[in-house]
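Residues per chain are reported as follows:
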Amino acid sequence: MPAPDVAALLSELERSEPGCAEHARSAVDWLTGGEPLETITELNVCEFLWYTLPTKARGDRAAIAHALGRLLRLGGLERYAAICVSPTTTRILRVYARAGEEAGMAAYQSALDATGVLPPDVPELRWSSIMGPEELGAHGACSAALELAIVSGQLSPDSRERIALTRRWLVTPRAELGGDNWLHRVQGERLNRWVLGRGTAWRELAQPFEVCLHAPIPVPEKDHLEALRWLLRVGDRQGGIPLTQRHNLARSVLAESTWSATELAAAREMAQTQLGALHRAGRRLVTTSVGQRLLADPVLLWESAAAALLAPVPGENDFGASAREVALMLLVNGSPAEREHVTAVIDCEEWQTAEVESSLAELGRRLDVFGLRIGGRLTPAGRSAALTALRNHALRPRQYVNLP
């Protein structure tokens, strides 16, 4: 069956339903962006009807949705045409009109989640809300694969198998990508954005890291993070870790360990605040389900602890994290992470130097908690942790400021 020709379909619609033709022409331009009609997916149709149409298009939106449905039906795209006149579309347009954009967006997101064609986050990749071209391509390809699996009956819209399918689609080499896979493409795009996005001095420092951060950083062979691991094991016992009335670690805990009170307190803060691996319940600390997973997986424990080197402290903005990123790059290069060096790269104002000093002190404390530096220089494990933290930060998804 030949692919539907938009111009021919519009001509036919003008003859049969002239009142619909102009609405349909406007809608299909929005929907396809000039691409052939056969390239559209369910995700494209839903995003147009439930987001673009009510927030960006003018005129009678219900009539535009109806006209698009007529055009799609003429083109043999019955399933997509049905979405245009579905009760869901009618309800969402009504919510936008009566309750405003915020309520409409919530209704749109809920309905989109229910379709099952929205690619879920997977361990290898959390999707951005602000996507570059490569990530958009990966997202669209994964959505099309999910749609095909749902339509063919291989999985249901709410099936957890959607995660497994998305993972396979991301990591499988693709002929259209020259043997590469979508995950590598997205990661390469994010790394390049991280290198190029913050000024000349930053780019000069970060450029050499673009290659070495592309592949996962090997985990050190020897055991590390012993104090953290010990606390999680004790917290997983019956009754957890006893605390004093002021919620400090009890003397019995300190007597049982081989670490100082200062070292254990720092490890506890990291586990509780940054990793979510310990939770205080009254005068006890108990290991959470997150902590149990970390205990069971040494690689995950190492990667999570390393990533926590750049985790924000309460009330801190991105400026502080940027200062710590620069410091880690300098330390990996064997240079001192002094305030003057850091401020020269991030080009901060004089009044911001106190914040830089605070961020650098926090980084030093975190490195010391895990024994990752000696005499101001990174140990081999410290270098591995620093690279892991930088990679994790560089590959994080881009989100709008009002999103978590």
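For the structure, see preceding data.
In this text, all values refer to a predicted model and were calculated from it rather than measured experimentally.

K.L.:
Explain the overall build of the protein chain to me, using residue names and the numbers behind them.
P.N.:
Of regular secondary structure, the protein chain possesses 21 helices and 5 strands. Seen through its principal axes, the protein chain has C-alpha atoms that stretch 85 × 50 × 45 Å. Sorting the 404 residues of the protein chain into buried and exposed places 45% on the buried side. By element, 52% of the accessible surface of the protein chain is carried by carbon and sulfur atoms, the whole surface being about 20700 Å².

K.L.:
Explain the sheet that holds strand 1 (residues 241–242) to me, and be specific about the residues and the numbers.
P.N.:
An order of 1-3-2 is seen for the 3 strands of this open sheet, with the pairing classed as antiparallel. Only two strands of the sheet have a single neighbouring strand rather than two, namely strand 1 and strand 2 (278–281). When strand 2 meets strand 3 (residues 284–287), the two strands line up antiparallel, connected through 4 bridges. Each residue of the ladder has a partner; that of Arg280, found in strand 3, is Leu285. Sitting on the sheet, helix 13 (residues 226–235) is in contact with strand 1, strand 2 and strand 3, with an inclination near 100° to strand 3.

K.L.:
Please set out the nonpolar core residue by residue, giving values where relevant.
P.N.:
Counting residues in each nonpolar core, the largest one holds 67 residues, and the members touching the most others are Trp194, Leu228, Val326, Met329 and Val342. Considering each element in turn, this core owes the most residues, 9 residues, to helix 18 (residues 318–332). Beyond its immediate chain neighbours, meaning those up to four positions away, Val342 contacts Ala323, Val326, Ala327, Leu330, Ala337, Val356 and Leu360.

K.L.:
Before we move on, could you go through the state of the cysteines and cite the residues and values that matter?
P.N.:
Applying the stated criterion across every chain yields a total of 0 disulfides. Looking at the unpaired Cys20, the closest cysteine sulfur is the one in Cys84, lying at 11 Å. The buried category is assigned to Cys20, whose relative accessible area is 11%.

K.L.:
Can you lay out helix 3 (residues 42–56) for me, pointing to particular residues and giving the numbers?
P.N.:
Under the 1.5 Å per step criterion, the end-to-end length of helix 3 is 20 Å for 15 residues, consistent within 8% with the ideal 21 Å. Where helix 3 bends most, at Phe48, the angle is about 40°. Taken as a whole, helix 3 has its buried residues at Glu42, Leu43, Val45, Cys46, Phe48, Leu49, Trp50, Thr52, Leu53 and Pro54. In this structure, the buried side of helix 3 is in contact with helix 2 (18–32), helix 4 (61–74), helix 5 (78–84), helix 6 (87–99), helix 7 (101–115) and helix 8 (133–151).

K.L.:
With reference to specific residues and values, describe the pattern of salt bridges.
P.N.:
Applying the stated criterion across every chain yields a total of 18 salt bridges. With a shortest N-O distance of 3.1 Å, Glu42 and Arg79 are connected by a salt bridge. In this pair, Glu42 is assigned in helix 3 and Arg79 in helix 5, connecting sequence segments 37 residues apart. Of the charged contacts in the structure, one is a salt bridge between Glu256 and Arg237, with a shortest N-O distance of 2.6 Å. Taken as a pair, Glu256 in helix 14 (residues 251–256) and Arg237 in the loop between helix 13 and strand 1 lie far apart in primary sequence, 19 residues in all. On the basis of relative accessibility, which here comes to 44%, the residue Arg237 falls in the partly exposed class.

How each quantity is defined
- Residues numbered from 1 in each chain as written.
- Predicted model: local features only at pLDDT ≥ 70, side-chain atom pairs only at ≥ 80, totals over all residues.
- Heavy atoms only, no water.
- Helix = DSSP H or I, 4+ residues; strand = E, 2+ residues; numbered from the N terminus.
- Buried < 20%, exposed > 50% of the residue type's maximum accessible area, 1.4 Å probe, protein only.
- Areas by Shrake-Rupley, 256 points an atom, 1.4 Å probe, with all protein chains shown as cover.
- Pairing = 2+ DSSP bridges.
- Contact = heavy atoms within 4.5 Å.
- Axes fitted to C-alpha atoms, helices over the stretch in contact; angles between N-to-C directions.
- Core = buried A, V, L, I, M, F, W, Y, C linked by side-chain atoms within 4.5 Å.
- Disulfide = S-S within 2.5 Å.
- Expected span 1.5 Å × (residues − 1).
- Bend = angle between axes of the 7 residues up to and from the residue.
- Salt bridge = Lys/Arg side-chain N within 4 Å of Asp/Glu carboxyl O.

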